[in-house]
Amino acid sequence: MIDLARHLHADGVIERVLGRPLPVVVFDMARPGWEAHATRAANPPALIEDFTAWLRAAGEI
């Protein structure tokens, strides 16, 4: 999933299809806490600033 999200960002698919760059939030219900690592790895840093701030406020990271 991380590689797929990177590919979609790099090729501009997300922006072209959805009209603007949006983050891909990657999660696995069986591995709580993995979301922060996976989402950071899958997205350009600027796109996940709000997500990272939310995780910090929730005490997840």
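Further up the page is the structure itself.
Residues numbered from 1 in each chain as written. Predicted model: local features only at pLDDT ≥ 70, side-chain atom pairs only at ≥ 80, totals over all residues. Heavy atoms only, no water.

J.: Mind showing me how you'd approach a nonpolar patch on the surface here?
T.: Taken together, the side chains of V25, F27 and M29 present a nonpolar region at the surface, about 370 Å² in accessible area. Along the chain, the position of F27 falls in the loop between α2 (13-18) and α3 (34-42). Look at F27 and you get exposed, because its relative accessible area is 53%. (Patch = residues over 30% accessible without salt bridge, like charges linked within 9 Å, V, L, I, M, F, W, Y side chains within 5 Å. Areas by Shrake-Rupley, 256 points an atom, 1.4 Å probe, with all protein chains shown as cover. Salt bridge = Lys/Arg side-chain N within 4 Å of Asp/Glu carboxyl O. Helix = DSSP H or I, 4+ residues; strand = E, 2+ residues; numbered from the N terminus. Buried < 20%, exposed > 50% of the residue type's maximum accessible area, 1.4 Å probe, protein only.)

J.: Even after reading the chapter, I still don't get helix α1 (residues 2-10), so can you show me in this structure?
T.: Helical periodicity: at 3.6 residues per turn, an α-helix aligns residues three or four positions apart in one direction. I2, A5 and H9 are the residues of α1 that are buried. Summarising the axial view, the buried residues of α1 lie within an arc of 65 degrees, below the 170-degree limit, and thus occupy one face. In α1, the exposed positions angled more than 90 degrees off the buried face are occupied by D3 and A10. Within two residues after α1, G12 carries a phi angle of roughly 75 degrees, on the positive side. (Arc of directions from axis to C-beta.)

J.: So what exactly am I meant to see when it comes to the side chain of H9 here?
T.: Structurally, H9 is set in helix α1. With a relative accessible area of 17%, H9 lands in the buried category. At a separation of 2.7 Å, a polar atom in the side chain of H9 contacts the side chain of N43. Residue contacts for H9: discarding those within four places in its chain leaves I14, L22, P23, V24, A42, N43, P44 and L47. (Polar contact = N/O pair within 3.5 Å; in protein donor to acceptor, adjacent residues only side chain to side chain. Contact = heavy atoms within 4.5 Å.)

J.: Quick question: what am I supposed to make of the pattern of salt bridges here?
T.: Oppositely charged side chains are able to pair whenever their charged atoms sit close together. Applying the stated criterion across every chain, the model contains 1 salt bridge. For D3, the salt bridge goes to R6, with nearest N and O atoms at 3.9 Å. Here D3 pairs with R6, and both are found in helix α1, just 3 residues apart, close to one helical turn. On the basis of relative accessibility, which here comes to 58%, the residue D3 falls in the exposed class.

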